[in-house]
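Coordinates in review
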Amino acid sequence: MFNHLVKSLRGIGHRVIDRIWRLGCAARFFLQTLVLSGESLRRFGLTIREIYFTGVLSLIIILVSALFVGMVLGLQGYNTLQKYGSSEAIGVLVALSLVRELGPVVTALLFAGRAGTAITAEIGLMRATEQLSAMEMMAVNPIARVVAPRFWAGVISMPLLAALFSMMGVFGGYLVAVPLLGIDEGAFWSQMQANVDFREDIVNGVIKSFVFGIACTIIALFEGYDAPPTAEGVSRATTRTVVNSSLAVLGLDFVLTSFMISV
Amino acid sequence: MDRTTLDLWVGIFVAAGVAALIGLAMKVGNLTSNPIGETYTVTAAFENIGGLKSRAPVKSAGVVVGRVDNIQFDNETFEALVTLKIDKHYNFPKDTFANIYTSGLLGEQYVGLDAGGDEVVLKNGDKITHTQDAVVLEKMISQFLYNKASEGGEKKETETAQ
């Protein structure tokens, strides 16, 4: 009995220490990536290649889900706003919820699922097949050659994807509100423009997506780089990427929002 | 994949992303619908500003002519000191009235300027002296009830007198 208790306590302690250890490693990894990113910016072709894989190939899922998110927002919002006789405010509702929250957050979650997992699996397999060690043998730093271009590609792609998501979502909301529900087109756009502020709403949304881009990409890269070089290790690392990125995005979203909304 | 087509796709992606950002700023945001350029600042003191917030519009005859810049509490007169930024193109007489109105029944509150008849116009840093406070619903209701009650009292008095 007593033995069992000690064992479980020891297990908890071990886990906590392990997490803190990994956090430290991740922070060092992040710093190293930043320091060694000179090459990826000089040889920009490397980064462009990665923007293709993380950004361009994520476009379809981002745009399609944005369209549906905007359409659902339009339908749901109309239902409630109509009760208060202000169904023209639907444009404001759709635009504000997309630009402030849903654009950056949902894009980051989809990005973690679509691009983050690919990055983790790719780098994990590179480690498992000893490609990274081979690079070190050739005096090529794998962080400068493999990690940094992917990092910058993610950081560049993410705000662009979020902006496309918001724009597509507003278009989806427009499709539901104006042709389907018969809300006046002029009121839809003018109410939106009167209530969405460039600095307070749009720029803050871009800042959010930028931070999420850094978080998602660095988590995916670190999990891949740190994965045990086995098939099981890579699969676990991929799962951890999705879980940790999602948690990080939602947590960071709360922190950023509480900084931005200062009444 | 061929190198050039890959570059092309990335170019399309970046261009579309930047276009979406500009589209958000222009079509969704208020970057274009905010034509207030250079402004001058005037202040106005109100006893009660209700739910007025900074960045609320300043309207005259229903046209947006400026924005509320800042709201402070004056600890000497115990009044709210509202700073208004008004577009340089519009000049208002010195005896302009500043009122706090509500757009619609439950809408946001804004400052309405009713032009007076003075020859001298408001300049940067001037103070609007004629102001009218926001209508507070509770005050109105209590006043209404008070009037009703006193009316009823008078009726009773007249009844007993008869």
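Computed from a predicted model, the values in this text were never measured in an experiment.

1. Regarding the overall build of chain B
Counting its secondary structure elements, chain B contains two helices and eight strands. Reading chain B from its N end, one meets helices and strands in the order α-β-β-β-β-β-β-β-β-α. With 162 residues in all, chain B has 29% of them scored as buried. Pairs at least 24 apart in sequence give 62% of the contacts found in chain B among residues at least 6 apart. As displayed, chain B has an accessible area near 10,400 Å², and 56% of this comes from carbon and sulfur atoms.

2. Examining the overall build of chain A
Broken down by element type, chain A carries 10 helices and zero strands. Mapped in sequence order, the helices and strands of chain A form the string α-α-α-α-α-α-α-α-α-α. Principal-axis analysis of the C-alpha atoms places the extent of chain A at approximately 65 × 60 × 35 Å. Expressed as a percentage of the 263 residues in chain A, the buried residues total 46%.

3. Observations concerning the packing of helix 7 (residues 142–180) of chain A against helix 8 (residues 185–195) of chain A
Residues and elements named next belong to chain A. In contact at an axis separation of 10 Å, helix 7 and helix 8 are set at 145° when each is read in the N-to-C sense. Once helix 7 is placed against helix 8, the crossing between them reads as right-handed. In contact with Val 170, Gly 173, Tyr 174, Ala 177 and Val 178 of helix 7, helix 8 contributes Glu 185, Phe 188, Trp 189 and Met 192.

4. Considerations on the packing of helix 5 (residues 90–128) of chain A against helix 7 of chain A
All names here are of chain A. Contact pair helix 5 / helix 7: the axes reach a minimum separation of 7 Å and the direction vectors enclose 145°. Between helix 5 and helix 7 lies a crossing whose hand is right-handed. Residues of the contact of helix 5 with helix 7, tallied by class, amount to 22 nonpolar, seven polar and two charged.

5. As for unusual backbone geometry
Residue and element names in this part refer to chain A. Residues other than glycine seldom take positive phi values, yet Glu 130 does so here, at roughly 60°. As for its placement among the helices and strands, Glu 130 is situated in the loop between helix 5 and helix 6 (131–137). Of the residues examined, Glu 130 reaches a relative accessible area of 54% and is grouped as exposed.

6. Thoughts on the pattern of salt bridges
Residue and element names in this part refer to chain A. In this structure the tally under the stated criterion is 13 salt bridges over all chains. Put simply, Glu 101 and Lys 208 hold a salt bridge, and the shortest N to O gap is 2.7 Å. Here Lys 208 lies in helix 9 (residues 198–226) and Glu 101 lies in helix 5, a separation of 107 residues in the sequence. Classification of Glu 101 as partly exposed rests on a relative accessible area of 26%. Arg 150 serves as the salt-bridge partner of Glu 122, at 2.9 Å between the closest nitrogen and oxygen. With a gap of 28 residues between them, Glu 122 in helix 5 and Arg 150 in helix 7 connect regions that are remote in the sequence. Residue classification places Glu 122 among the partly exposed residues on the basis of a relative accessible area of 32%. Three or more residues are tied together by salt bridges with common partners; here these are Arg 22, Glu 223, Asp 226 and Arg 240.

7. Observations regarding the nonpolar core
The nonpolar side chains of soluble globular proteins are, as a tendency, buried together. The biggest cluster of nonpolar side chains holds 50 residues, and the ones touching the most others in it are Ile 90, Phe 188 and Met 192 of chain A together with Phe 13 of chain B. Secondary structure elements with two or more residues in this core: helix 3 (44–54), helix 4 (59–83), helix 5, helix 7, helix 8, helix 9 and helix 10 (231–260) of chain A together with helix 1 (3–28) of chain B. Top element by residues in this core is helix 5 of chain A. It accounts for 13 residues. With near-sequence residues (within four places) excluded, Phe 188 of chain A lies in contact with Glu 88, Ile 90, Gly 91, Gly 173, Tyr 174, Ala 177 and Val 178 of chain A. Core analysis: the next-biggest nonpolar cluster, separate from the first, contains 22 residues, Leu 52, Val 58, Ile 86 and Ile 100 of chain B among them.

8. Examining the packing of aromatic side chains
What characterises a pair of aromatic rings is the spacing of the ring centres plus the angle enclosed by the ring planes. All names here are of chain A. According to the stated counting rule, one finds 11 aromatic pairs over all chains in the structure shown. On the basis of an interplanar angle of 80° and a centroid distance of 5.5 Å, the ring pair of Tyr 52 and Phe 53 is categorised as edge-to-face. In this structure Phe 53 comes out as partly exposed when scored by relative accessible area, which is 35%. Residues Phe 171 and Tyr 174 carry aromatic rings whose centres are separated by 6.4 Å and whose planes lie at 25° to one another, so their mutual orientation is stacked. Here Phe 171 and its partner Tyr 174 are both found in helix 7, three residues apart, which amounts to about one turn of the helix. For Tyr 174, a relative accessible area of 17% translates into the label buried. Members of the aromatic cluster, connected to one another through ring pairs, are Phe 171, Tyr 174, Phe 188 and Trp 189.

9. Regarding the sheet that holds strand 5 (residues 97–102) of chain B
Residue and element names in this part refer to chain B. One open sheet holds the eight strands; their spatial order is 7-1-4-3-2-6-5-8, and the pairing between them is mixed. This sheet does not close on itself; its edge strands, each paired only once, are strand 7 (127–128) and strand 8 (130–132). Sheet topology note: the strand 1 (residues 39–46)/strand 7 ladder contains two bridges and is parallel. Considered in strand 7, the bridge of Ala 44 is made with Ile 128.

10. Digging into the interface of chain B and chain A
Counting residues at the interface gives 24 residues for chain B and 27 residues for chain A. Carbon and sulfur atoms make up 80% of the area that chain B and chain A hide from each other, which totals about 2,300 Å². The largest per-residue losses of area from chain B upon contact with chain A belong to Phe 13, Leu 24 and Val 28 of chain B, which jointly make up 30% of the total buried on that side. Our count for the contact surface shared by chain B and chain A stands at zero salt bridges. On inspection of chain B and its partner chain A, the count reaches two residue pairs in polar contact (both at pLDDT 80 or more). Taken together, the residues of the side of chain B that touches chain A break down into 15 nonpolar, five polar and four charged.

Conventions adopted
Residues numbered from 1 in each chain as written. Chains lettered and ligands numbered in written order. Predicted model: local features only at pLDDT ≥ 70, side-chain atom pairs only at ≥ 80, totals over all residues. Heavy atoms only, no water. Helix = DSSP H or I, 4+ residues; strand = E, 2+ residues; numbered from the N terminus. Buried < 20%, exposed > 50% of the residue type's maximum accessible area, 1.4 Å probe, protein only. Contact = heavy atoms within 4.5 Å. Areas by Shrake-Rupley, 256 points an atom, 1.4 Å probe, with all protein chains shown as cover. Axes fitted to C-alpha atoms, helices over the stretch in contact; angles between N-to-C directions. Left-handed = near helix turned anticlockwise from the far one by under 90°. Nonpolar A, V, L, I, M, F, W, Y, C, P; charged D, E, K, R; others polar. Salt bridge = Lys/Arg side-chain N within 4 Å of Asp/Glu carboxyl O. Core = buried A, V, L, I, M, F, W, Y, C linked by side-chain atoms within 4.5 Å. Phe/Tyr/Trp six-rings, centres within 6.5 Å; stacked < 30°, edge-to-face > 60°. Pairing = 2+ DSSP bridges. Buried area = accessible area lost by both parts, 1.4 Å probe. Polar contact = N/O pair within 3.5 Å; in protein donor to acceptor, adjacent residues only side chain to side chain.

Read these as geometric descriptors, not functional statements.
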